[in-house]
Amino acid sequence: MVERFASHGALALRNAWLLERVQVLAATDALTGVANRYSFQNSLEAELERAARAGDDVSLAMLDIDRFKRLNDAHGHQVGDEVLKRVATLLSEHSRVYDTVARYGGEEFALILPATDRVETRAIVDRMRRQIEAVSNDPKVTISAGVATFPTDATTVDDLVAAADEALYESKRGGRNRVSTSDRHLKSAPAPRLAPLPDPPAAA
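Thresholds, definitions, all that
- Residues numbered from 1 in each chain as written.
- Predicted model: local features only at pLDDT ≥ 70, side-chain atom pairs only at ≥ 80, totals over all residues.
- Heavy atoms only, no water.
- Phe/Tyr/Trp six-rings, centres within 6.5 Å; stacked < 30°, edge-to-face > 60°.
- Helix = DSSP H or I, 4+ residues; strand = E, 2+ residues; numbered from the N terminus.
- Buried < 20%, exposed > 50% of the residue type's maximum accessible area, 1.4 Å probe, protein only.
- Lys NZ or Arg CZ within 6 Å of the ring centre and 35° of its normal.
- Core = buried A, V, L, I, M, F, W, Y, C linked by side-chain atoms within 4.5 Å.
- Contact = heavy atoms within 4.5 Å.
- Patch = residues over 30% accessible without salt bridge, like charges linked within 9 Å, V, L, I, M, F, W, Y side chains within 5 Å.
- Areas by Shrake-Rupley, 256 points an atom, 1.4 Å probe, with all protein chains shown as cover.
- Salt bridge = Lys/Arg side-chain N within 4 Å of Asp/Glu carboxyl O.
- Lys, Arg positive; Asp, Glu negative; His and termini not counted.
- Charge placed at Lys NZ, Arg CZ, Asp CG, Glu CD.
- Pairing = 2+ DSSP bridges.
- Axes fitted to C-alpha atoms, helices over the stretch in contact; angles between N-to-C directions.
- Arc of directions from axis to C-beta.

Student: Please provide a residue-by-residue account of the packing of aromatic side chains, values included.
Tutor: Evaluated as defined, the whole model comprises one aromatic pair. Ring centres of Phe 40 and Tyr 104 lie 5.5 Å apart, and the angle between their planes is 90°; this geometry places the pair in the edge-to-face category. Pair noted here: Phe 40 is in helix α2 (residues 37-54) and Tyr 104 is in strand β2 (residues 100-105), with a separation of 64 residues, a long-range link. Overall, Phe 40 belongs to the buried group, its relative accessible area being 0%. Sitting over the face of the ring of Tyr 104, Arg 37 holds its NZ or CZ atom 3.9 Å from the ring centroid.

Student: Quick one: what's the story with the nonpolar core, residue by residue and with numbers?
Tutor: Ranked by size, the top nonpolar core spans 26 residues in total, and within it Leu 63, Ile 65, Val 87, Leu 91, Phe 109, Leu 111 and Val 125 carry the most contacts. Among the secondary structure elements, those contributing two or more residues to this core are β1 (58-65), α3 (68-75), α4 (77-93), β3 (108-114), α5 (118-134) and β4 (143-150). Broken down by element, the residue count for this core peaks at six residues, all from α4. Once residues within four sequence positions are removed from consideration, Val 87 is found in contact with Ile 65, Phe 109, Ile 132 and Val 141.

Student: Before we move on, could you go through the environment of Leu 48 and cite the residues and values that matter?
Tutor: Turning to its location among the elements, Leu 48 is positioned in helix α2. On the basis of relative accessibility, which here comes to 6%, the residue Leu 48 falls in the buried class. A C-alpha to C-alpha distance of 7.7 Å links Leu 48 and Thr 156, two positions 108 residues apart in sequence. When sequence neighbours within four positions are dropped, the list of residues in contact with Leu 48 reads Val 58, Phe 150, Thr 156, Val 157 and Leu 160.

Student: Quick one: what's the story with a negative patch on the surface, residue by residue and with numbers?
Tutor: A contiguous patch of negative charge, built from Glu 45, Glu 49, Asp 158 and Asp 159, is present on the exposed surface. Mapped by element, the contributors of at least two residues to the negative patch are α2 and α6 (157-173). Inspection of the secondary structure puts Glu 45 in helix α2.

Student: Summarise the sheet that holds β3; cite the residues concerned and give the values.
Tutor: Sheet architecture is open: five strands sit in the order β2-β3-β1-β4-β5, paired in mixed fashion. One side of each edge strand has no neighbouring strand; the edge strands of this open sheet are β2 and β5 (179-181). Neighbour to neighbour, the strand axes of the sheet diverge by 20° on average, direction disregarded. Where β1 and β4 come together, eight bridges link them in antiparallel fashion. Counterpart to Ala 61 in the pairing with β4 is Val 147.

Student: Tell me about the environment of Asp 29, residues and numbers included.
Tutor: Inspection of the secondary structure assignment puts Asp 29 in the loop between α1 (2-27) and α2. When the C-alpha atoms of Asp 29 and Ala 102 are compared, they prove to be 7.9 Å apart, with 73 residues separating the residues in sequence. Those residues in contact with Asp 29 that lie beyond four places of it in its chain are Val 34, Ala 35, Asn 36 and Arg 103.

Student: An account of α3 is needed here, citing residue identities and associated values.
Tutor: Taken together, the buried positions of α3 are occupied by Phe 68, Leu 71 and Asn 72. Down the axis of α3, the smallest arc covering the buried residues is 100°, so these residues share one side. Turned more than 90 degrees off the buried face of α3, the exposed positions are Lys 69, Arg 70, Asp 73 and Ala 74. The inward-facing, buried residues of α3 abut β1 and α4. The first or second residue beyond α3 is Gly 76, which carries a positive phi of 100°.

Purely geometric stuff here, so don't read any function into it on its own.
Shown next as structure tokens:
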């Protein structure tokens, strides 16, 4: 009887461990070990809901490895995979415990920064950019990034991703290896009211 209970207990523990393992795998990118796109989407939705209740900022950075296709063509996909893992590791090591680092797709990563405004986020992401550029491993790589902030630039998940993507492409157009911030808040700001012109002087 004791052996039977012990066996059942061991089986239950193993099943619990397997369930937890499956849940981790379902939320994690298999190559890089960071969050996958599904997990990223859930995390961003949860952070925006929390921030809306608390009146906080949430910033999103979209980051892309520069000229990654050229790197793959020159060095092969195995080297490309190593570069992806290297960048993911650096982003994770230099993120805060409550940030979310995710592989968004291909050579593009996303970084969710709760309770962080646009100025702080740009400084954090630019520091990451410099750290990735400074790594001496061959092949050396750089990243471009775009930053957008809730609720300043967007108030929904889709709009926030779109705003960060727009800023990312601005970095690409500007020469790569840089961080740009969204200007959506400037475009949506009301035009300044001009003071009325004074009446012309009366004729003598």
